[in-house]
Structure formats: structure tokens, C-alpha cells
Amino acid sequence: MKNLYKYLLIFTATALLVSCGESDLEPTLALDKDLDSGINNADDLAFVMNSAYDRMTATSYYGRDQIVMGDVRTDNAYSNMNSGRFANSDMDYNSNGAGPWSQIYRVIAITNIVIGADTSKLEGDPARITHIQGQAHAIRALAHFDLLQDYGQHFITGQGGASSLGIPYVKTYKDPANLEPARGTVASNIGDIAADLTSAISMMNDSYNSSSSYMSKAGAYAILARATLYAGSVDPSLYSTADSAAKWLIANSGATPVGANGFVASFVTDNASNSIFELAMSGTDNRGINGIANILRGPTYGDVRVLTGTGTNPDLMDIYDAEDIRGGSDMLGQAQGYPTMLGKFPTMNGSDNITLFRIEEMHLIAAETSLRAGNAADALTYLNNVPAIRGLGAGYYASATMDNILLERRKEFAFEGLRFYDLSRMGMDMPLIDAMKQMNDDKTGTPPKYGSYRYAYPISLSERNANPNMVQNYGY
Amino acid sequence: MKKLSFFMTLSFMLASFWGFSQQVTITGNVADDNSLALPGATVLVEGTSNGVTTDFDGNYSITANVGDVLVFSYVGFDSQSVTVGRDRKINILLNSSNTLEEVVVTGITTRNLKRSTSSTVVVDAAQIEGVAMTSPDAALQGRVAGLRIVSQSGTPGSPTSIRIRGEGSITGSNSPLFVIDGVPVVNGSYSPLLNDLGVLSMINPSDIENITVLKDASATAPYGARGSNGVIVITTKSGSAGEVKYQITSNYGFQNYAMDERPMLTGNQRLELAAEMIMNDFGWSRERATNNILGRAGYRTWDAGGRVDGDWENAVKVKDAPDAVYNFSASGGNATENFRLSLGHRKTMGTSIGVDYENVSGSFSYKKKAGKVEINTSTRVSNSIQNGQLESSAYFAAPQMTRIFMPAVFQPFNADGTPNINLETSIFNTVYIARNNISRLDGTRALSNNSLSYTFNDNLKFTSRYSIDYNMTNSHRFQNKTHGGGVAENGYAYQSNRRNFTWAFANTLKWDKTYNDVHYVSALAQMAFQKNKYDSISASGENVAADGLYYVGSFNTNETGYGGFSDWKELGYLGILNYSYDDKYIVDLSYRYDGSSRFAEDYRFGSFWSAAVAWNISEEDFLADSDIVNSLKLRASVGETGSNSVGLNSYQSLFGYGGSYDDNGAVSPSSFGNAILTWEKQAQYDIGIDYSILDNRVKGSIVAFNRKTSDLLQSVPLSLTSGHSSQSKNIGEVENRGIEIELSADVIKGDNFTWNIYSNYATLENEVTSLAKDAAGNDINIDGGTTRTRVGEELRGWYMRSWAGVDSNDGRPMWHVGGENNDMSTVKSWNSAQQTLVGNRLPTYTGGLGTRITWGGFFADANFYFSGGNKVYESWASYNQSSGTRSLLSYNGSQKLLERWQNPGDVTDVPKMRWSSSSTLTGSATSTRFLYDGDYVRLRDLVVGYTVNQKATERLGFDSIQFNVKGTNIWTWVKDDDITFDPEVSFGGSWNIYTPIIKSISLGLNLKF
């Protein structure tokens, strides 16, 4: 009996030793923080905002695809299908979806967290908090603008122009009432973009600018200039907004064009003098094989090459004067036997910053808006500023025409992702350079014409399945 | 009379004299009535505590006095008594008292089969030992009704995946729980690289006594929140009484791909088709088109060099890859203590170049009885090194990708025999990669299992068990700077260490008692706590200064580091009650209260239970004397288990701090979160019959089951505009219904010749019965590009466009319009066709069929596995079967393309060649064209062996000598002629690029002494 007590005692002691309450089941949060308590001060807010930039650098957005797709669909480039990438260069999209939809909305979600932060509970400099929220407004506008360019139905025949389907303009994060948003019209999207940029410009303060790797008041003006120039094709009254934004930047941004001597080096220089806004990329952001450098010149993928042909339409190699640094051997040449863009995004490990806006664009925007406003003299001045700085002498162009402006834009921004949007906003067909290389599937001998449903990406199957309010684009 | 009494006295005295003076050692063997050894049988000197148990081969050795009575007993057999006389060797054949009286080991309880109410299947050591796969659970294929297992990769050391009774979860795990010697352990694999090392492969198969598969609620409910996917209970070998016995086994085998490899286009064939692309789309002559193609990258050099094809098939294959396994064990002991130790070594070459695997293991187990206390301890430590290559997708550095993607116009080797790395293609020469890169996993697993029992009396026993499961994996990846993925970084190195440590503590009180000889009651109470912690740290660097440096320390540019930590904890209280009336009527109840750290505080604990009844009809008077029926049992069970296999911390809305921008921190939400997340519940219903008839020569069981998973963890798709793609919710229900049949028959049961046939068969019907609803009250269907999940249908049934063949007039591909009404009219635009539900992803039937023949010392064993009713999809068909540039310019095509349409009137399934990379235009976009019948039959095991006769064995000084030849997967029949890959694909149903599943032939030698 005595033994029994002894063992009962031992048993009870052991049981007590290991009897665990519910509190012992609390998991450790080692790497993450609870969302509700994660933002407490201005620094926290800035770190959250950083992830918006970080998400913009993803391969599926500005890290590669947005830039490549802006050229590979056009007369500048094609996919040699070396690794089967960028087969979409023929614009024959699979109705299951295409484009950066998901990644762009991931950027927008961050901006909405920043904008929606309860500033009354944040410690730190209130003006800096406002500045960070202004950055978020600007990035939100840019992200929606990119979506609109890619998915909006405004250029598709019969879809209604300004009143056609745009994209859902999302201004909230995790709002239960807005988890299945419908598409706005193109006009309402443009209005929201302009409103966000207006807020951004008023909220940001230059004293908090650190480098062009972060959004600034100038960055917001640059987005406004590009977006309203583009939207002018839908609503011509917006050209004047583009005009004033571009001229504001030329006068006030402090960014100066890079001269001919510095041109090649500017593509490996972080925050070069002409940069208004760029995305920072460092060696540790290693995109490896999936980076933009590897798709442009290999050695591994190397699918996206300069499109050359012998037809009437000029290819990229045809348009540069012999002394134009932009067509020089440092910029355009041969790699693995293909005509190749050598000078832009040259660093193979992907550590070149990705410049989204540089001051040269503003001169060409000002030229175009001046011409559209009937001021040919101003237009010619702004237009000739660019070849002049590239060492081609003053008065390169004799007259400012839409063709010359477009040609100069092509020369200046080749392989920077603008060409497709320039051609479409000017109502142009995709030019035929070489039918065999362009591989267009309708086999009519020509790439898609302006107004074709292929000028907009299809909305993805997963979005349509998850969002009952989503409408597929025309033609898919 | 006097004489008689004198002699009697004398003999009595003599006997006494002998008895006192001659304490003798008796040895012998205990076997069943089929002469199969009975390991673990008890040999006891009657009236004393002097006893031993037989070893694995039924041998025993005991010291006794002449005149003592030895009692031989074994659960399920009638005891026999023998008085010790002059014989020093006593061999005993025990007659089974009833064949159903085996025991059922559930990892928590051990129960007489007669008093069990569950569906369990035991696979014993004979089937596990010498298994050609490195993972011991591979032995289960075809042996257990309703259990499906796939290997997927033939890379040695790779994990297997198991499903028991279908799939009940959409986003959670469907893998069963693994229990080793009573302790739940981690399973799965480590794959920080692009090869996988299964943690179960670090358990030496020859240390396993048996594997029990628990399927129904009455067996799995005691595992509470982890039991719903079934439980696989592994029991390891323990020591045996008697003198120390040694065993050496060795197996040496050769491995090859199980299925013949697919033929790919030769250079000339590819050229012919490529020219047709231009002819068809630009109207050129064949000559002009051929010349155009010959001027292109790849073709140009090949043509100039005399059109010699590169043999990539054989460049990346290792023929007759050797597999060598050696095991040594020793065991011995006496009535109060015993031990077993084992050492194992395995070295296996992969059938893909650059792949090998080596495992060393050691174990020691020890048992000591000291009065009422029993101490058990076992320790097993194992180290596996897997030198792998990339697999699981079309990685350029994956040798198996090269096999089917690399065009024959490229040469793998230079004239001097070195790998040719000047290829005008983006695909790497994987021969160079395999020789120069490193993708190594080095895993160490240590299991320590310790228990202390105290027996209060015959009825009450307390056991406290403490165990440790320690897994440490080092991984190392090195990419050379000369060729392949490391060129851009001028060399790249990555190393990581991952530690996964689990400790478990359980206290169990068991009580049982029989009242009035007919009321048998047993009860169990248990408290179990388990805690897991997981650490990982990794680093990488670029830009190495010189060749011959492989570790991160020498790669000093763009160094990155990562460190992480996570943990989970589980706490459960369990009660089990079993009541049997005269072994006729049995009632079984269990209840478990389980808590897990994976859920929010208010949803952390749950209750799980089971109730089961059984009726041994054969114990009733009307059957007791039956000549036909030996045993007959009707049983039914119902219960609720759970599955808490939800990602860690996923109930919380969290900020992740892993990102960076401009070398500053970047913080972003890592999950959408759902504070009311809890486990999936599963109600399971079983009804079955177990029978044994005709002198126990035919026995089997029939079971019908229904598994209803509710509160299904559903990854509910979110509109991507939210910035997230999905949110986990506990919504939805899935049912798995089926019938399982097991049958075994001794067709011939002679003294020198026996022939047994065994088989199992299971059907499965999987149906989603409820899903999450949107604001408007409609089901949120989970529709994807190849599968969909909707109410009333199979979980993730195949959902794609339906292929309508090639238009014989113009050679263009066609699809059925499809859609909800499955419109069978055809269209030539893939975008215009709609997805349709086109077939089952899960097999509707699976089974095994085997036979065993023994004839004298020879034995032969064959085991077939079959499965079907499902479809399998060829993932990379849009690359290998494209009638366009993907197969003819970028990569390589299958020879199936030669059947392409050429002229009006041609009837074929391969569209005409087009100058296009588009998968829709060339007919290679996702459709039923690449969805095949998944039915197959495979000769899983074929063993022929010979046991050398006793006389010769003894003359050589051994206890037993056995030779065997074992074939694994040596024959496969596939229903669909169009399948060019192994139909044993992953549970997702899609084939992917892995080292093909192997077939092997091995020679084994088993020595005991």
C-alpha cells in the first residue's frame, strides 16, 4: 500500500510536470508581425511603402515583362523563341490571361495600406507621413495607368472609346465591400489617375527627397505628363495637362539630359542626372536567369532581339544616323549571331536600376503637346533638344511633325517599353518588318491592325473565376 | 512388488539426481502449423518466472531442469506443454486457436484482433526487407486495399506520397500520419534545392518489423486532429531472448527506367517537319524551305558536320545503375532483458547522370524488465547523402529535360570526349552540368524513443514515453561559372542548414479486467504533448575567383543570408474504452480533446471521438460447430477525426519582413488571414465483414466506407485586385465513398508444396458536396486551367477543352465547343472552345494481386499492382508535341509528330506544321489531346528464393542461408497506347520531368548464425 502511494505521487508529479494549458499553444511569430499592430510610426510606414517599389521590380512587372512587352510586340523587337519566352510577341494571347494584372494589384494593395493608415495613431514627423502617403498616391496612379494601358478597351473597335471598359480602380485594402470590384470606364479611370496625382503633388515635399529611386513631386508630374499625353488620344482636352506637367518638369525638376558622352554610361549609372524616377536594383536582388539582361542578350535565354527586315518599314537598325550614339556599337550590335540591344540593361546580374521616367521624355512630350496645340515653333524647339544633346547638332529636324516626334521617341526610348503604347495611342497598326520573325498567327501577312482586340490583354481566368463582377475583354 | 518399488525409487532418485545435477539448456524452434516461424513466442518453465521469448526466426534457448514442464504460448495459438526429458532440442508446432486471433497494433494500443473493431492491414518484414526503393513505405504498394502510393521520381532518396481512401482536403494535406513505435513523427521531404530527400528514407527498411495501416475512424480517432488522412504505424524490430544471433543480408541490384523512353525526332526528321512549317505558311518549295532551316542556329553546324545526330538519350542515362545494400544485426537476451543492434549501408547510383545516394544507419534497442518496471529504449541514427540533379520541371539544367527537349542536331560531346558547351541553344549541356555542378542534400535523422512502464498489477499499467525526432539537413548548391545557370553570376554557391526538432511526451494509463470470464473491459487514458521547432539558415554568394572552390565562403560578391524560425505545439487528452462480452459482442469507444498552436486562441481545441461495435458471429452457438466457417465477424464504426494540416500562422494577418528595396527593409502583408480558421473535421463510417472459412484456407474481408470531410480548408480564390490570390476558409465538404475487399486463399497446402493467392481491391468515389458561397449565395467554384472543383463533382476533376482531332481537309486542329452542355460541334479556334469536365483525376479503382508458392526450399512471390479509371495529363506536350517552332526550332519534338497532316484527306491526330510558336494555332494548347487513360498494371515485385536445407546449413556453420532474386517494376502494362511516360504520376495527375521510376533486379543473400 505504501508503494502504491509512492507511485501515485510519482505519477501525479510527472503529470503535473507536463500538463499544459492553452497558453502553451501560442505559436512563435519569429519573422512576421501582426498586421494590426505593424505600423506605428513614420519609419514603419516608409518600410511598407518600400515593398510597393520592391513589388514593382518583379520580373512580371517593371523587372522585365512590362518593359519587354512594350517593345517586343512592335517593330523594334521580336522573340526568336530560343527558350520559348515572349511567344506573346505575336499578340496571339491565350484567353486564360496575359500581362501583369496580378503583380500590379499587389503593388496597389501596398499603396492602399499606406494611404489607409490611421495617421492619428502614428508617431513621427506628420509632414513626412504625409509625404509617404503622397508617394503612395503617385504609385497607385502609375500602377492603375499601366493597367489601363494594358487592359483598357479604349482602342478596340466598337468598344466605346472613353466610355469603354477600363479597369477596377482599387482605393481600399481588405475592405469587405470592395473585394469583388467591377471595371470602371476608361474615362473614370483617367479621372482617378489624375486625382491621385493631384493629391500626390500636393502631399509630397521636396525636403524629404533622397534619390530618384523614391517617388517625388517631380515623379508625380512625370506620371501625370505621360498618362495625360496617352489619355489625350481618348480625351484631347488632356493634352494641355500633359503640356504643363512636362514643362513644369523641364523647368523645375532639376533633372538634366545626359550628353552624348555620358549616354552609354547613364544606363549603368544609378540615379543619373536625367533620372526623374527609377526603381533601385542591387546585386543582391539577383534576378539571375530571369532578369531582363538575360532575355535581351543571353547567353541563356536571349529570346528578345532587335527585329530586322528588308521591307519598306524601317527597322531599328535603319533609323539611326551613323554618328548617333544611340545606334552606335555600344548600344546596338550582335550577340550569338542576332542583332541585339547591348546598351540598355547591360549588367548581366540585373543590378542596373530600371529608369521609368527621364527628362528627355518630357522634352518630347512638350514637343508633341505644343504641336497638338498648334504651336509648331515651340514644338520644333523641344523636338530638336533631344538630337542636339545626342550630338547630332542643333536644328536636326527641319519641321516638327507627328512622324518626326514619333521617330525621335523611337530612337530615344527603344527597348524602354514605350513603343507599343506610342503606336497604339497614335492609332497605328503594328508595322510589318519580317513576317517570318514576327510569326503572327492570323497569317494574313501583317501584324494586328489598330482597333484589333489584340491591342488589349485578356483578363485572366483566375480573376474571372474569383470575381463575379469581372467582364472579359472583347474578342477573347 | 518390491522390485517394482525399488526400481521406481531408483528411477525417481535418478531423475532427481539428474534434475539437480543436470540443469540443461534446451534449444529449439517454435513455428505455426504452416511451419512458419513464430517470433516473440513465450517459452516458460511452468510455475516459475524463468522464461524467454523466441527470436525473429522462432528460435529459443532456455535453461531448465529435467522434469520441468515447458509451456509454449503465443497470442492466437493454443499453448502446448512439454516435459523436459532427454531431448535437448525441442521443436514445437503451435496450432492456431483461431486465425483471426492476431493482434492489431494501433501505435496506442495493442489488441487481440478478435476484440478489434477496425479496418487495419499489416504488411510484414518479408515484404519490406529488400525493397528496391529507398523509402520503406514503397513496400505498401499493392498490399493494402484503398492505399495509393506513388514514387514520382526515380531519384534514389526521393520521397513517396501516400493517399488512404482518396482525398478529403482541397488545400490541406492529404498525407497520412506516420507513427514509429507509438510516436507521431515528421514525414515529407526536404527540398531546399530542386531535388527531394524523403525523411522516411532515413529509416532503414530492414529495421522494420511491420507496417500497419489504419483506415477507419475507430483506429484513427485516437489520433484526433491528425488522424483524418489515415495512420501508418511502423513497428521496429526489437531484441529477442536467447543466445546472441547474428544476421547479415546483402542485396546487389541493377536499375533502369521502368518504362521505355519516348522516341524523339532525329535531326533529319526534325528538319523535314521544320521545312514543312515554312512550306505550309509561306508556300515555299521544300528545297527552299529546307535551305532556310539549314541556315538557322543548330541546323547549320549539324549540316556542315555531316548531319551526325547527338545521342542525348544515352548521354543523360545511366544503364544498369548499381544499388548495393548491406545490413548487419545482432540480437539476444534472456527473460528479463534483451537487445538488438543493427548497422546498415546503402549506396545507389541514379539512372540519371550525376545522381547518387548513400545511406548509413545504426540502431540500438534495449529492453529491461525489473520487477514491475519495464524500461524500453531505442535509438536510431541515419545519414543520407543525395547528390541530385534538377528535376520536377523543365529546368535547363535538368538531365531529364535534356532527354526530351534537346534537339538531336546538337552534339553532347566534343571529339575529345569532353562535354560540348558551345551549343547554339539556350538549353544547357547537362552532361557538363552533372559533372561540374553540385546539388547535394545531406540529411541526418536521429530518433530516440524511451519508455518506462510500471505494472501495478495484472490489470493496471502505467507507461511514460519520451521521444525525440531530430532532423538536420545540409544542402549545398554550386553552379559553375563556365556553363549553365551560374554564368551570369560568374559562379554561384548556396548552402543551407535546416533543423527540424520534435519532442514528444506521453503518459498512458492502461487498465483491463475480465469479470466472470465473459466481461472483458479495457480502458486507456493518455495525455500527449508534442512540440516542434524548425530553424533554417542559408547563405549564397556569387563571383568566384577560381575553379575548384565550391562553398559560399569563396563567393564574396552579392552575398545574401537568410535565417528563419517557426514552431508548432500540440496537446491532446485521450480516453479509450473497449468492452467485449464473451468475445461475441464488442463495443469500442474513444474520445480525444486536442489542441494545436496552428489556430487562433478561441479555435484552438477540438473534440474527436469514435464509436464502434463488432459481432463475432462465429462464436454464436449456431456457427460454433460449423465445418465451413472458422470465423465470421461483422463490424461497424463511426467517428470524427480532424486534420490540422494548415500552414503555420495562417490564421493571422501578418506583415512579412523578408523583402528589401534599395538595400532598405520592405514590409508587406504575407497573408490575407482568417482569424476563425480551425481544423477540417472528418466523419467516417465503416461497415465490414471479416471471415475465415474452409479450415482457414480462405480468409478475407469486405468493407464499405464513407469519409465525409467538413469544415474543409478551402483556399478560396480572391479577386487578384485585392493584392492576394486566395484566403483560407473552413468551408466546404467532400465525400469519399468506396468498398475495400481483401482475400487470401491457400489453394494448395501440402507438406512440401504450398500455393497461396492474395488480392485486394478498392473502389473510390470522390464527390464535393458543398463549397464556400459568395455574397449572392452562389458556390465559389474553384475553376482552374486544367481542373475544377464544384459541388457534385470530383475534387479537382479534369477540366479542359475537348480535342476534336484534325480537320482532314486543311490539317488544322479542332476542339469541341464544349462548355456546360458539352456541345460536340467543332471549332478551329481554341479560344472559342470552352472548358468541359472531361474525366477523373483520382483512380476509381486500385488493387493488388499476388501469389506465393513454396516448394521445398524454393519460394516464389509475385505481386501485381493495378489502378485505373482516372486520366493523366502530359504537362510538357505543348513543347514536345507542337506542330510548330517550339518542337522544331526551339526544342525537340516527339516522333509522334511524324504522323502529321500533309495533304487534304489525311486522317490523323497531328495537325499540319505551322510557322508558329503559338500553342493554340499548332493544336498543342491544353486539351484532352494530351489527357490519357491512366489505367495500368504493374508487376511490382517478383521474388524467387531458395533456402538452403538444414543439414547443409548446419554443416556450413549457419542457422539459415537464403538466396533470392528480386525484380521490382519489371513489367508494366499501360492501357493507353499514346502514353509515352510512366503512368505512376503524382496525385495531381500530371506527368512532369523527373528521373523516371525505376525497375530493378537484385540478388540477395541472407545469412543467420
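Residues numbered from 1 in each chain as written. Chains lettered and ligands numbered in written order. Predicted model: local features only at pLDDT ≥ 70, side-chain atom pairs only at ≥ 80, totals over all residues.

**Q** Can you explain the overall build of chain A? Please cite residues and give values.
**A** Within chain A, the regular secondary structure consists of 16 helices and 7 strands. For chain A, the C-alpha atoms occupy an extent of roughly 115 × 50 × 45 Å along the three principal directions. Relative to its 476 residues, chain A shows a buried fraction of 57%. A fraction of 69% describes how many contacts in chain A between residues 6 or more apart in sequence connect residues 24 or more apart. (Helix = DSSP H or I, 4+ residues; strand = E, 2+ residues; numbered from the N terminus. Buried ≥ 20, exposed ≤ 12 C-beta atoms within 10 Å, placed from the backbone. Contact = placed C-beta atoms within 7 Å.)

**Q** Which residues make up the nonpolar core, and what are the values?
**A** Counting residues in each nonpolar core, the largest one holds 221 residues, and the members touching the most others are Leu45, Val114, Ala220, Ala222, Ile223, Ala225 and Leu249 of chain A. By residue number, the principal contributor to this core is helix α5 (residues 126-151) of chain A, which donates 12 residues. Viewed by domain, this core spans two of them, domain 2 (136-258 + 319-796 + 841-877 + 932-1008) and domain 3 (267-308 + 882-923) of chain B, each represented by three or more residues. If we skip the residues at most four places from it in the chain, Leu249 of chain A touches Ala218, Tyr221, Ala222, Ala225, Ile276, Ile359 and Met362 of chain A. Counting residues in hydrophobic clusters, the runner-up holds 49 residues, among them Tyr190, Ile203, Ile211 and Ile234 of chain B. (Core = buried A, V, L, I, M, F, W, Y, C linked by C-beta atoms within 7 Å. Domains from an automatic or database assignment.)

**Q** Give a description of the sheet that holds strand β45 (residues 813-818) of chain B that names residues and reports values.
**A** Residue and element names in this part refer to chain B. Strands sit in the order β44-β45-β46 across an open sheet of 3 strands; the sheet is antiparallel. Each having just a single partner strand, β44 (803-806) and β46 (823-827) make up the two edges of the open sheet. Going from strand to strand, the sheet's axes swing by 30 degrees on average, the running direction of each strand aside. Sheet topology places β44 next to β45; 3 bridges connect them, and they run antiparallel. The residue bridging Gly805 from the neighbouring strand is Met814, located in β45. (Pairing = 2+ DSSP bridges. Axes fitted to C-alpha atoms, helices over the stretch in contact; angles between N-to-C directions.)

**Q** Explain the sheet that holds strand β5 (residues 69-73) of chain B residue by residue, including any values.
**A** Residues and elements named next belong to chain B. Spatial strand order, β3-β2-β5-β6: 4 strands in an open sheet with antiparallel pairing. Of all the strands in the sheet, the pair left with one neighbour each is β3 (51-53) and β6 (80-83). Put simply, the sheet's adjacent strands are angled 20 degrees from each other on average, direction ignored. Where β5 and β6 come together, 4 bridges link them in antiparallel fashion. Across the sheet, Val71 pairs through a bridge with Ser81, a residue of β6.

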